Amino acid sequence: MRGPRAGMEVHFLAMDVSRRAKQIPPSSTLAITAKVRAMKAEGKDVIGFGAGEPDFTTPAFISEAATDALHDGMTHYVPTPGTPEVREAIAAKLRDENGIDCDASHITVNNGAKFTVFLALQALLDPGQEVILPTPAWVSYKPMIDLAGGTLVEVPCEGAQDFKMTPDQLEAVITPATRVLLMNSPSNPCGTMYSPDEVRAIAEVLERHEQVVVVSDEIYERLVYGDEPNLSMGSLPSMRDRVVTINGLSKAYAMTGWRIGYACAPGGDGAVIKAMNKLQSQMTSSITSFTMPAVVAALTEGAEEVERMRRIFAGRASLIHELVKQWAGVTCPRPTGAFYIFPDISSTFGSTSPGGRRIDSALDFAEALLDETGVAVVPGEDFLGPGPRHIRMSFATSEEQIAEGCGRIREWLGQLAPDEAVASSPSSTAH
Ligand code: PMP
Ligand code: GLU
């Protein structure tokens, strides 16, 4: 047995964790989902607006394609970027539906779009390079940027502008160190999306800054409820070689547990894709082999099912917007994409809840709401920018649950005691 050599001092304990691991928080969206699941398992009456995942089961023909492949012995390692068939099916989808000029060699398939974003940032960023992120933004982007050593440059976007970055805002933050613009439209958590003209206007700014790559997370592209479709930035000829388009099957096909995401980046003869594949080959090797025929089935035969689910989400989007608009003092743009609504609840700050809890933040609001009404929402703090004034509600739940949950919130809001009333009340329990 060897101990430390004479004169060598050890400055850590065996089970200390790395600075890298300490530096990042756990995913708050997954934490709320887990909490609601646990409360339901205990038999509590909880209405969950937390989970960012479709409440539908994967369409049967997609599952059957995987079980058939499993029974047929597709149980071995497959190529790191995915089988040739799956990459061709994805490239065909992106060409036909999104207008992106690409082929199978420009595609990589990964363990969920979350890991795809992670790999893309790892492949692109050197320490200190800047990543522009319009905020509010999905909770996992900042930790991923941090883990890649990038420097986050936030562009706060208000509800009054539908949480969308203007071309002027973008122009103002670009520097010679800007490496990546990380876009997410339709947006988690905002529930809004850029129109085709707005995408073109952002691209026009980028045409003047050739060093900037766009990582365009389009995981919600099929779930749109406004008048205009999603326009993929990578379909614009001027941007083709500078966009990494990210998508996956989780949201459109109700396949969150399958963990299937992908990226397309034709620029530089697929250089970024090759780097992502190299990283993946050392980390996870590939996604699960027998899911690949299911990906092909979904992409080639799934359109009707996607549309069926989209229509249901569209109905819920209108319902929840109507109900949230009835809440006194709360403002909120109409959800036009994804399955989130992101109301500004900051008018409640400074008040006291019916249960006697002081509300000074979205976190206070969400905690008091859950304890006192059994309704779970995600507090906006971790979405950054104006996020801390908001809560996120996922409407991937039934219309009955939406009506019941929004009703409970409305009633609870009606019972909040404003600051002055609390201060002047001798029996106040506020602290
Ligand atoms: N991007 C955004 C904006 C998301 O909301 C999600 C949902 N988790 C993902 C990427 C990743 O999805 P998945 O890993 O399930 O493919
Ligand atoms: N994207 C979903 C959400 O935001 C799933 C959880 C997660 O990956 O963050 O709720």
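A brief report on the enclosed structure follows.

## Structural notes on the overall build of the protein
Scanning the protein for helices and strands turns up 14 helices and 14 strands. A globule of 431 residues ought to have a C-alpha radius of gyration of about 22 Å, and the protein, at 23 Å, matches this closely. C-alpha extents for the protein along the principal axes are approximately 70 × 70 × 50 Å. Relative to its 431 residues, the protein shows a buried fraction of 53%.

## Quick notes on the environment of Ala-362
Along the chain, Ala-362 falls in helix 12 (residues 362-373). Along the chain, Ala-362 and Val-378 lie 16 residues apart, while their C-alpha atoms are 8.5 Å from each other. If near-sequence neighbours (up to four positions away) are discounted, Ala-362 is found in contact with Ile-345, Phe-349, Pro-379, Gly-380, Glu-381, Pro-388 and His-390.

## A word on the packing of aromatic side chains
In the structure shown here, the tally under the stated rule is 11 aromatic pairs. Judged by centre distance (5.2 Å) and plane angle (85 degrees), the rings of Phe-365 and Trp-412 are edge-to-face. Separated by 47 residues along the polypeptide, Phe-365 in helix 12 and Trp-412 in helix 13 (residues 399-414) bring together distant segments of the chain. The burial state of Phe-365 is the same as that of Trp-412; both residues are buried.

## A short note on the environment of Ala-66
Assignment of secondary structure puts Ala-66 in helix 3 (residues 60-71). Ignoring any residue separated from it by four or fewer positions in sequence, one finds Ala-66 in contact with Trp-258, Phe-290 and Ala-294.

## Brief notes about the nonpolar core
Counting 81 residues, the largest nonpolar core has Phe-49, Val-244, Ile-320, Phe-339 and Met-393 as the members making the most contacts within it. Among all residues touching Phe-49, those that are not within four sequence positions of it are Ile-320, Val-375, Ala-376, Val-377, Arg-392, Met-393, Ser-394, Thr-397, Gln-401, Ile-402, Gly-405 and Cys-406. Judged by nonpolar contacts, the second largest core, of 28 residues, contains Ile-90, Ala-91, Leu-249 and Val-295.

## Quick notes on the pattern of salt bridges
Per the stated rule, a full pass over the model turns up 24 salt bridges. For Arg-408, the salt bridge is made with Asp-45, and the minimal N-O distance between the two is 2.9 Å. In this pair, Arg-408 sits in helix 13 while Asp-45 sits in the loop between helix 2 (28-41) and strand 1 (47-48), placing the two residues 363 residues apart along the sequence. Its salt-bridge partner being Arg-208, residue Glu-171 comes within 2.7 Å of it at the nearest N-O pair. With Glu-171 in helix 7 (residues 167-173) and Arg-208 in the loop between helix 8 (196-207) and strand 6 (213-217), this pair connects stretches of sequence that are 37 residues apart. Judged by relative accessible area, which is 54%, Arg-208 ranks as exposed.

## Some points on the packing of helix 4 (residues 84-98) against helix 10 (residues 292-301)
Where helix 4 meets helix 10, the axes come as close as 9 Å, and the angle between the chain directions of the two elements is 25 degrees. What the angle tells us is that helix 4 and helix 10 run roughly parallel. Here helix 4 runs over helix 10; the crossing is left-handed. Side by side, helix 4 and helix 10 meet where Glu-85, Val-86, Ala-89, Ile-90 and Lys-93 of the first sit next to Met-292, Val-295, Val-296 and Leu-299 of the second.

## With respect to the site of ligand 1
Every one of the 13 residues lining ligand 1 counts as a neighbour, but Ala-113, Asp-217, Tyr-220, Ser-250 and Arg-259 are closest to it. Asn-188 is positioned such that a nitrogen or oxygen atom in its side chain is 2.7 Å from an oxygen atom of ligand 1. In isolation ligand 1 offers 400 Å² of accessible surface; the protein chains occlude 93% of this area. Taken together, the residues that form the shell around ligand 1 break down as 5 nonpolar, 4 polar and 4 charged.

## Structural notes on helix 8
Across its 12 residues, helix 8 extends 16 Å between first and last C-alpha, which sits within 8% of the 16 Å expected from 1.5 Å per residue. Buried residues in helix 8 make contact with helix 7, strand 5 (178-184) and strand 6.

## Regarding the site of ligand 2
For ligand 2, the full set of nearby residues is Ser-27, Thr-29, Leu-30, Gly-52, Lys-114, Trp-138, Asn-188, Tyr-220, Lys-251, Tyr-340 and Arg-392. One of the side-chain N or O atoms of Lys-114 is found 2.9 Å from an oxygen atom in ligand 2. Measuring from a nitrogen atom of ligand 2, one finds a side-chain N or O atom of Lys-251 at 3.3 Å. Isolated, ligand 2 exposes 270 Å² of accessible area, and the fraction of that covered by the protein chains is 88%.

## Describing the side chain of Arg-316
Looking at the secondary structure, you find Arg-316 in helix 11 (residues 303-325). Every residue in contact with Arg-316, bar those within four places of it in the chain, is listed here: Asp-55, Phe-56, Phe-395, Ala-396, Thr-397, Ser-398, Glu-399 and Ile-402.

## Considerations on the sheet that holds strand 14 (residues 391-394)
Either a parallel or an antiparallel arrangement is found when strands of a sheet pair, and the pairing is made through backbone hydrogen bonds. Pairing is antiparallel in the open sheet, where 3 strands are placed in the order 9-14-13. One side of each edge strand has no neighbouring strand; the edge strands of this open sheet are strand 9 (340-341) and strand 13 (378-379). Pairing between strand 13 and strand 14: 2 bridges, direction antiparallel. Bridge pairing in strand 14 links Pro-379 to Ile-391.

## Regarding the sheet that holds strand 6
Within the open sheet, the 7 strands sit side by side as 2-8-7-6-5-3-4. Their pairing is mixed. The open sheet terminates on both sides in strands that have one partner only, identified here as strand 2 (107-110) and strand 4 (151-156). The sheet shows a mean angle of 20 degrees between the axes of neighbouring strands, taken without regard to direction. The pairing of strand 3 (residues 130-135) with strand 5 spans 3 bridges and is parallel. Within strand 5, the residue paired with Glu-130 across the bridge is Thr-178.

## Re the side chain of Ser-232
When you line up the elements, Ser-232 lands in the loop between strand 6 and strand 7 (243-248). Those residues in contact with Ser-232 that sit more than four places away from it in its chain are Asn-98, Ile-100 and Glu-218.

Cut-off values and rules
- Residues numbered from 1 in each chain as written.
- Chains lettered and ligands numbered in written order.
- Predicted model: local features only at pLDDT ≥ 70, side-chain atom pairs only at ≥ 80, totals over all residues.
- Heavy atoms only, no water.
- Helix = DSSP H or I, 4+ residues; strand = E, 2+ residues; numbered from the N terminus.
- Rg over C-alpha atoms; globule rule 2.2 N^0.38 Å.
- Buried < 20%, exposed > 50% of the residue type's maximum accessible area, 1.4 Å probe, protein only.
- Contact = heavy atoms within 4.5 Å.
- Phe/Tyr/Trp six-rings, centres within 6.5 Å; stacked < 30°, edge-to-face > 60°.
- Core = buried A, V, L, I, M, F, W, Y, C linked by side-chain atoms within 4.5 Å.
- Salt bridge = Lys/Arg side-chain N within 4 Å of Asp/Glu carboxyl O.
- Axes fitted to C-alpha atoms, helices over the stretch in contact; angles between N-to-C directions.
- Parallel < 35°, antiparallel > 145°, perpendicular 65-115°, else oblique.
- Left-handed = near helix turned anticlockwise from the far one by under 90°.
- Near = heavy atom within 4 Å.
- Polar contact = N/O pair within 3.5 Å; in protein donor to acceptor, adjacent residues only side chain to side chain.
- Areas by Shrake-Rupley, 256 points an atom, 1.4 Å probe, with all protein chains shown as cover.
- Nonpolar A, V, L, I, M, F, W, Y, C, P; charged D, E, K, R; others polar.
- Expected span 1.5 Å × (residues − 1).
- Pairing = 2+ DSSP bridges.

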